[in-house]
There are 2 protein chains.
Amino acid sequence: MNAPPASQTPRAFLDRTRFPVDEWNLREISYSEAGLGASESVFAVANGYLGMRANPEEGRPALAHGTFINGFHETSRIRHAEDAYGFATVGQTIVSVPDTSVIRLYVDDEPLLLSVADLESYERRLDFRSGLLERNLVWRTLSGKQIHIRSTRMVSFAERHLAVMTYEFTMMDSGAPVAISSQILNRQDGANEYSDGTSFEPLDQPSRSELDDAGPGGFDPRRADALVGRVFVPQVQRRSGGRYALGYAVANSQMTVAVAADHSIETSQPVDIEETGVVRPDAAEHMYRAYIPQGCTVRIVKLVAYHTSRSAPAAELADRCSRTLDRARAAGVAALWTDQCEWLDGFWERSDVVIHGKPDVQQAVRWCLFQLAQAVGRAEGSGIPAKGVTGSGYGGHYFWDSEIYVLPFCTYTTPRFARNALRFRYTMLPAARSRARELSSDGALYPWRTINGEEASAYYAAGTAQYHINADISYALCQYLAATKDTSFLERAGIDVLVETARMWADLGFWRAGGDEQFHIHGVTGPDEYTTVVNDNVFTNVMARFNLRAAARALKQIKQADPQVYERVVARLELDESEPEEWLRAAEAMAIPYDSRLHIHPQDDQFLEKEVWNLAETPPDKFPLLLHYHPLVIYRFQVLKQADVVLAEYLRGDDFTPEEKAADFDYYDPLTTGDSSLSGVTQAVMAAEVGYQELAQSYFRGSLFLDLADLHDNTAEGIHIAAAGGVWSTLVFGFGGMRDGDAGISFDPRLPELWSGLSFKVTLRGTRVRVELGQREVTFTVEQGEAAEFTVRGEPVAVRAGRPVTVALKQQDQPRLLGAPTVRDLAGARLADGTVLTTYTPQPSDAIGRVTDEPTP
Amino acid sequence: MNAPPASQTPRAFLDRTRFPVDEWNLREISYSEAGLGASESVFAVANGYLGMRANPEEGRPALAHGTFINGFHETSRIRHAEDAYGFATVGQTIVSVPDTSVIRLYVDDEPLLLSVADLESYERRLDFRSGLLERNLVWRTLSGKQIHIRSTRMVSFAERHLAVMTYEFTMMDSGAPVAISSQILNRQDGANEYSDGTSFEPLDQPSRSELDDAGPGGFDPRRADALVGRVFVPQVQRRSGGRYALGYAVANSQMTVAVAADHSIETSQPVDIEETGVVRPDAAEHMYRAYIPQGCTVRIVKLVAYHTSRSAPAAELADRCSRTLDRARAAGVAALWTDQCEWLDGFWERSDVVIHGKPDVQQAVRWCLFQLAQAVGRAEGSGIPAKGVTGSGYGGHYFWDSEIYVLPFCTYTTPRFARNALRFRYTMLPAARSRARELSSDGALYPWRTINGEEASAYYAAGTAQYHINADISYALCQYLAATKDTSFLERAGIDVLVETARMWADLGFWRAGGDEQFHIHGVTGPDEYTTVVNDNVFTNVMARFNLRAAARALKQIKQADPQVYERVVARLELDESEPEEWLRAAEAMAIPYDSRLHIHPQDDQFLEKEVWNLAETPPDKFPLLLHYHPLVIYRFQVLKQADVVLAEYLRGDDFTPEEKAADFDYYDPLTTGDSSLSGVTQAVMAAEVGYQELAQSYFRGSLFLDLADLHDNTAEGIHIAAAGGVWSTLVFGFGGMRDGDAGISFDPRLPELWSGLSFKVTLRGTRVRVELGQREVTFTVEQGEAAEFTVRGEPVAVRAGRPVTVALKQQDQPRLLGAPTVRDLAGARLADGTVLTTYTPQPSDAIGRVTDEPTP
């Protein structure tokens, strides 16, 4: 089969001399500023509510400072260079809340600065079981004194408003006058000087020069916009001893935030310590000064709390911070650490995936799972931003990534996480209804990207036109409902989402006059953003069909279960009982383009009319295409950012035959650039299903190391949470071969040849089952709960607590199902009917001098 | 046939009690501020280089002040809310140069202000033969004194840098102390106070509240953008006696401008006059003070000069202004007025169109022709802005309007005007080549809208995607070449345009693999902007075919005429001699979609797949659709802003049969909203051709009174020059039935039944022929030159100087050629093959409250 295209070619994934393999930690054992921005993201600590980038305690060096709170954003008017009716108007940008990570050490008035310090040893470690980011180093000062410094940073899973930092150092060989400055800094728009006079950048955005893959035009549409003017309006400054609080209102969005820090110090020997402090509108600083004798160990504990609101005054939030800190201080650091471990123990018990004999893969897989915990663990009441809370990329917006790439993991390991995210979508229904009206449609239309529920996508062709978001949400909802049988959630919230989204589809589509009796959906964009605003996009129509049927089925189910509940639902949604019939009729007649000559599903009804882009002859430096070609050029060709027909066949496997899946994969895979970070997941799962094990492995590794190796050159802006979720999906759905089809859960395992075993857990209707896959068999064990039923390669299996079941497997690395030629094989060849397939590479643009003024009048 | 859609329904066109019919003047005989902004545009004086809106001498009241110089613009960075590779980057906006029109009169220290003045009589008159805007009024002051005031304003055609103003008044019944203040004001960003302390608005844009058809979103994409910050950087301030000069450089574009005014005063009786003056960076003022006795007449002459450059310093331009003024002063006002009349005599001799027995139509027609003189007369070295130089609408940009709607008039009446405009396009070739590279294409791609040659369209779907601009330019060029046989222009400039545009088409299109052996052009937008980015748009493909053939034919012609010239052309353009063959092959195989079921040309290859928009049920206040529906909604339907298939059949009549034209007209006319001001022209010409005389008349009147009656509610931003050109085209091509086909000029007259006669002139290869059309015959008379040949209804006619030819005409109001049902007739009906045509009106959007913030985290 084909090698992945150039843009996905793996580099040397990780420098193992710097980041050694460790199955339960991400470790860095030598100090380097290479890949600084990416390392700030991959070592970040977060809990889904609060996230702190891994900037060093010293505050410098940093590519992008950032402390983020999920959904905490500023709004701005979106100004379109050429406006039109219904274009998105309210820009939403996650903003960096005040930074509490700064703890600076001065010995003999010399500041510790990693960039220049003589480090005798250095280690940084993100521990997936303890949830601590630890740093351990020995610093030799200019005067030759050795100081051993150990610091930890933790964002608590147990108490989502809390972060815990410790800073401990030992004077190894001599005493010295020492100062420690602990700070809170409003970097978004605050003072830009430390107490020592060195300056810091108030902007928490990567600078242009440092993100060098921005195209020749100097832009990168994936980056968050910079805001202008002051964002945080100071409202509270408090100090009481070692405790400080700052409070702000955000200028336009009027959200409020308070942050408080509590300091305490211990020494292993009695020492005279001078404590001073200052609090200003954009900064607070607590300073310890003392002569620390040789052998003495000093330990500072900095407890930090953040509270946010869209209505409460900042002063009230500062009070809440204080109560959070009181509790934390009373509990003590050791207890807080224990709570963190316990929370994570539970997480791993439900979610761990073990890959036998592949420690490097194991480490990266656990890092991905840990990122999922960090993105969704305590995201309660908010969505799941595309970068978790590790960076400002994509403006902190919520996309379909959550539903299609992250929620499957949640649904099958911690359904509560999924329920929270889905309930959040339910709370966005009023905004989605308004948006549908703006688009002249019935029902509800979810925004393509948003924080507050309003559409924030400023480019409708690859934004609002992605109507499929409606179906993606319904799909994740149904997946959750099927896995949990949470009928109460269906009746109180889920049904509203299903009905309103179905109404949108029923209104958007139409019955075409003439010839066919099909239901068509026109003028939409599928997930593949390299083709926009088309008719009858297969992905969209397949998913819309699912959505329409799911709404009708759910109503029927409620009616059968409880007529009274049903009546309430009918009244609440003003349901005309003819509606479900209409949905089913539309679903039944949904147009799904199929080309009987090539035996494939065209991506949309005109896709095959286009020229084929010659990827083989496209220079590697022209990827991603979107940064090097005008959209009009890209859209004109058969070339994909991600293969959405293949994605439809992954999500709705029951709707396609194995032969169709194989033929479509063969056609689309060679056309797929993988310029979307979401692409690899789908290609991996489906490569595994149609029998390309090596290719599946290759795509899997592309997702697995996407951030750890910064394969898309933009991990500096935050980790790609969808890719992390996709890694779990690839393992479970791809290699584990699990599917949740219309007939229930099934397994068709395909363990990669070189792996000796793969073990994962899934929770089905409350029963947690461990699936242990070997080369010759698969064993199912109930870890919690009573029993579960599913099929393995078509044979029904029932497993009960205490009675594991092992099923023998014959051949996992299946032969290719079809020998159909690929589009690449076909290039220039003549088909049976005389057709010649040609390929073409558009001429790359050169930097040509522009005329900058007109001829003189 | 069908009535025009709601948005085109004529209102009471003109209030004849205020604007009486006058065949050679636009007259206003009572003062009113109704339609203030539109009246500023329709009474403007201009010469194609310089334009002065008809703001009163007193400066107030005004909706939009404006003095414009063609192509004099500021640049700004276009900021896209979501950027992508190749999006336009350099915004270009025409700016208002300093205003010299202000001459204020104070009697007994009471200022004359029309809004409050007691006017015993009032008349304003724009004279199409003298080229003067005159005002004549009697003012009764608060103390009861009567003053007769006569003022004139003229922008010279003979000296394009010159404007001449006179201000004359007579103390009718008593003497009084009088002051006259003449000013120059940088309104773009200057001081906002007059010398008397009253303030003026520095912005020369219509305010939002006054343009009330801006959609609910408060935007109107047709309006020019406001610039921020200072635009004019003062560089020169001079005064010498009654002569003042101000000079500026434009902040970003670095263009320079100088304006100078020269004052003189005469009185009919000896009077002591005090003269004072002041010059400041943003204003200059010359003040006369005197006691004027009863019966005395005072006359002030204000001569004004403007010079602009993209390189010369403002001081140098101020010197040029001074020389212009010296000459003008030496000549005297009377001579300057005579020059103006002579220039216009020549214009009318070449261009007048006489409509017998319809004085109201005659007046409006002459007003339109006069606007054409004012837009193109001295535009030398620049293009023709969509609003001429009468307003800032569309940013002062050049569009295809020039080539398709204005240049036909020029080519057939004053070919020199056409040549200048085409040569300007030639000078833009380097920029068009660069743009083609950015769009990954060979050859040259002209920008959709521009001043300085760079693409300024910020919305590619209705901008850059209109590749047809290339063919439109080539079309106008070929029309000019055919009418003039200007081979020297072809060889030195025209051939470059033809070859480079043809190269773009050859590269843009492709040979589709499979089935057909056709040449396809994908991903383009035709003139109808209610459907964008489609495949095989009929208009585009027909025009591209013409362009490809024209380039090949022109090369052949040059080769045959002069092999040496041909060799130079080949070398200059690095022409591979296989290229023309390739172009001809592509042209021959050009895909032109045709639907054999409906017997029509679908607008593009997917157009008929769409739902039909139900225009009949669309509320009148929802027009224009673009201000009330999201583009995604509009694009999804069969609904047109203008009918581009019909336009293709107008421009390239030879490529279609009469039956095709009739069928396509019948299909598209009912789908056409006319939301584009260009729409009516095409519908009128083609309605006349296919036999709908009444409908043709109705469309004609819609274009004829578009500005005079402000039918599109935006004449305040400037007159629609394309509609004015379209009026001439409708008269000559529509009712006169003239065509310039591949076989030469032909006539197939269709005089409207209610008109007794229509007379117009066309210049063919240097021979001017007067065409006099009556109900029963047409007479051709050579007015200048030797002879001309053409056909009348297929019969060859040759006419020579001194020997007029009369051809009898049988039936001009032709019966309908085809009785095909229209789409509106068909709605809901079942076709022979069982198809049912349905129509649908999308639900209008309501203003629904938006969620403005997210649920609290």
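Before any of the text, the structure's been laid out above.
The structure displayed is predicted, hence computed values, not measured ones. Counting of residues starts from 1 at the beginning of each chain's written sequence and follows it residue by residue. Following the order in which they are written, the chains are lettered starting with A and the ligands numbered starting with 1. Local features in a predicted model are, by the rule used here, given only for residues with pLDDT of at least 70; side-chain atom pairs are given and counted only at 80 or more, and totals for whole chains, interfaces and linings are based on all residues. In computing side-chain properties, one takes all heavy atoms of the structure into account and sets aside hydrogens as well as water.

Novice: Can you walk me through the packing of helix H10 (residues 538-561) of chain B against helix H14 (residues 644-651) of chain B in this structure?
Specialist: Axes are the key here: two packed helices are described by the angle between their axes and the distance separating the axes. All names here are of chain B. Packing of H10 against H14 leaves a shortest axis separation of 8 Å and a crossing angle of 25°. In terms of orientation, H10 and H14 fall into the roughly parallel class. Contacts from Val538, Phe539, Val542 and Met543 of H10 reach H14 at Asp644, Val645, Leu647, Ala648 and Leu651. The classification used treats Ala, Val, Leu, Ile, Met, Phe, Trp, Tyr, Cys and Pro as nonpolar, Asp, Glu, Lys and Arg as charged, and all other residues, Gly among them, as polar. Across the contact of H10 with H14, the residue classes tally to eight nonpolar, no polar and one charged. Axis definition: a line fitted to C-alpha atoms, limited for helices to the stretch in contact. Angles are taken between N-to-C directions and run from 0 to 180 degrees. Note on conventions: DSSP H or I runs of at least 4 residues are helices, E runs of at least 2 residues are strands, and numbering of each starts at the N terminus. If an angle is under 35 degrees, it is roughly parallel; if it is over 145, roughly antiparallel; if it lies from 65 to 115, roughly perpendicular; otherwise it is oblique. We call two residues in contact when some of their heavy atoms are within 4.5 Å.

Novice: Could you clarify how one ought to interpret the pairing of strand E10 (residues 146-155) of chain B in this entry?
Specialist: All names here are of chain B. With eight of ten residues buried, E10 lies mostly within the body of the structure. Taking the residues that link successive antiparallel strands as the turn, the strand E9 (residues 133-140)-E10 hairpin has five residues, and the phi of Gly144 there is positive, at about 90°. Strand direction decides the pairing type here: E10 and strand E11 (residues 162-171), joined by nine bridges, are antiparallel. Considered in E11, the bridge of Val155 is made with Ala163. Hairpin connection, E10 to E11: the antiparallel pair is bridged by six residues. Only protein chains enter the calculation, and the probe is 1.4 Å; a residue is then buried if its accessible area is under 20% of its type maximum, exposed if over 50%, and partly exposed in between. At least two bridges found by DSSP between two strands are what make those strands a pair.

Novice: Help me out: how do you make sense of the sheet that holds strand E30 (residues 787-792) of chain B in this one?
Specialist: Two orientations exist for strands paired in a sheet by backbone hydrogen bonds: parallel and antiparallel. Residues and elements named next belong to chain B. Spatially, the four strands line up as an open sheet ordered E25-E26-E30-E31, and their pairing is mixed. Two strands bound the open sheet, and with one partner strand each, they are strand E25 (738-741) and strand E31 (795-800). Between one strand axis and the next, the sheet turns through 35° on average, direction left out of account. Where strand E26 (residues 744-747) lies against E30, two bridges are found, and the strand directions are parallel. By the bridge assignment for E30, Phe747 is matched with Val792.

Novice: Mind showing me how you'd approach the pattern of salt bridges here?
Specialist: Side chains that carry opposite charge are capable of pairing whenever their charged atoms lie near each other. All names here are of chain A. Should a side-chain nitrogen of Lys or Arg be within 4 Å of a carboxyl oxygen of Asp or Glu, the pair is scored as a salt bridge. By the definition in use, this model includes 94 salt bridges over all chains. Glu577 is paired through a salt bridge with Lys559; the nearest N and O atoms lie 3.7 Å apart. In this pair, Glu577 is assigned in the loop between helix H11 (563-572) and helix H12 (578-588) and Lys559 in helix H10 (residues 538-561), connecting sequence segments 18 residues apart. By relative accessible area, which is 41% here, Glu577 ends up partly exposed.

Novice: So what exactly am I meant to see when it comes to the packing of aromatic side chains here?
Specialist: Pairs of aromatic rings are described using the distance from one ring centre to the other and the angle between the two planes. Residues and elements named next belong to chain A. The criterion for an aromatic pair is that two Phe, Tyr or Trp rings (for Trp, the six-membered ring) have centres within 6.5 Å, with stacked assigned to planes under 30 degrees apart, edge-to-face to planes over 60 apart and tilted to the rest. Tallying each qualifying case throughout the model produces 80 aromatic pairs over all chains. With centroids separated by 5.2 Å and ring planes inclined at 80°, the aromatic side chains of Tyr398 and Phe424 adopt a geometry described as edge-to-face. Here Phe424 lies in helix H6 (residues 415-427) and Tyr398 lies in the loop between helix H4 (359-376) and helix H5 (401-413), a separation of 26 residues in the sequence. What makes Tyr398 buried here is its relative accessible area of 1%.

Novice: Just checking my understanding: could you explain the packing of helix H16 (residues 679-690) of chain A against helix H18 (residues 721-735) of chain A for this structure?
Specialist: All names here are of chain A. At a minimum axis distance of 8 Å, the contact between H16 and H18 shows a crossing angle of 10°. Taken together, H16 and H18 sit at an angle that is classed as roughly parallel. Seen from H16, the contacting residues are Val681, Ala684, Val685 and Ala688; seen from H18, they are Gly726, Ser729, Thr730, Phe733, Gly734 and Phe735. Within the contact of H16 with H18, the residues separate by chemical class into six nonpolar, four polar and no charged.

Novice: Sorry, what's going on with the side chain of Arg187 of chain B here?
Specialist: Residues and elements named next belong to chain B. By the element assignment, Arg187 lies in the loop between strand E12 (176-185) and strand E13 (232-240). On the accessibility criterion, Arg187 (3% relative accessible area) is buried. There is a polar contact of 3.3 Å between the side chain of Arg187 and the side chain of His65. Between N or O atoms, a polar contact is any pair within 3.5 Å; within protein, one atom must be a potential hydrogen donor and the other a potential acceptor, and residues adjacent in sequence are included only when both atoms are from side chains.

Novice: How should I be thinking about the pairing of strand E17 (residues 283-292) of chain B in this particular structure?
Specialist: The side chains of a regular strand alternate, residue by residue, between the two faces of the sheet. All names here are of chain B. Counting buried positions over the ten residues of E17 gives eight, a clear majority of the element. By the bridge criterion, ten bridges tie E12 to E17 in an arrangement that is antiparallel. For Val178, the partnering residue across the bridge sits in E17 and is Ala290. As consecutive antiparallel partners, strand E16 (residues 273-280) and E17 are separated by two residues.

Novice: How should I be thinking about unusual backbone geometry in this particular structure?
Specialist: Phi is mostly negative for residues that are not glycine, and the peptide bonds are mostly trans. For the bond from Arg60 of chain A to Pro61 of chain A, the omega torsion is -10°, close enough to zero to count as cis. Inspection of the secondary structure puts Pro61 of chain A in the loop between strand E3 (50-52) and strand E4 (67-77). Geometrically, the link from Phe623 of chain A to Pro624 of chain A is a cis peptide bond, its omega value of -10° lying close to zero. The topology assignment puts Pro624 of chain A in the loop between strand E22 (611-613) and helix H13 (631-635). Positive phi, close to 55°, is recorded for Lys485 of chain B, a residue that is not glycine. Mapping Lys485 of chain B onto the fold places it in the loop between helix H8 (469-484) and helix H9 (487-508).

Novice: Before we go on, may I ask you to explain the environment of Trp728 of chain B in this structure?
Specialist: Here Trp728 of chain B shows up in helix H18 (residues 721-735). Each residue touching Trp728 of chain B, except ones within four places of it in the same chain, is listed here: Val353, Leu369, Pro408, Phe409, Tyr412, Thr413, Phe733, Lys761 and Val762 of chain B.

Novice: Honestly, helix H17 (residues 693-704) of chain A in this entry has me stumped. Any pointers?
Specialist: Each turn of an α-helix holds 3.6 residues, which means side chains three or four residues apart point in the same direction. Residue and element names in this part refer to chain A. Its twelve residues place the ends of H17 16 Å apart at the C-alpha level, agreeing with the 16 Å of an ideal helix rising 1.5 Å per residue. In terms of burial, H17 is a largely internal element, nine of the twelve residues being buried. Within the sequence span of H17, burial applies to Gln693, Leu695, Ala696, Gln697, Tyr699, Phe700, Gly702, Ser703 and Leu704. Contact partners of the buried residues in H17: H4, helix H15 (658-668), H16 and H18. The span expected for a helix works out to 1.5 Å for each residue beyond the first.

Novice: Could you clarify how one ought to interpret the environment of Val333 of chain A in this entry?
Specialist: With respect to the helices and strands, the residue Val333 of chain A is situated in helix H3 (residues 333-351). When the C-alpha positions of Val333 of chain A and Asp109 of chain A are compared, they lie 29 Å apart, and in sequence the two are 224 residues distant.

Novice: Quick question: what am I supposed to make of the sheet that holds strand E5 (residues 90-96) of chain A here?
Specialist: All names here are of chain A. Taken in spatial order, the four strands make up an open sheet running E2-E3-E4-E5, and their pairing is antiparallel. Two strands in the sheet have a free side with no partner beyond their single neighbour: strand E2 (45-46) and E5. Judged from the two bridges that link them, E2 and E3 form a sheet pairing that is antiparallel. For Ala46, the partnering residue across the bridge sits in E3 and is Gly51.

Novice: In this structure, what is going on with the side chain of Asp472 of chain A? I would like to understand it.
Specialist: All names here are of chain A. Along the chain, Asp472 turns up in helix H8 (residues 468-484). In this structure Asp472 is buried but unpaired, with Arg425 as the nearest side chain of opposite charge at 7.8 Å. Excluding residues within four positions of it along the chain, Asp472 makes contact with Trp400, Glu403, Ile404, Phe539 and Met543. Note that His is not counted, nor are the chain ends; the positive residues are Lys and Arg, and the negative ones are Asp and Glu.

Honestly, that's just the spatial picture; any functional story needs more than this.
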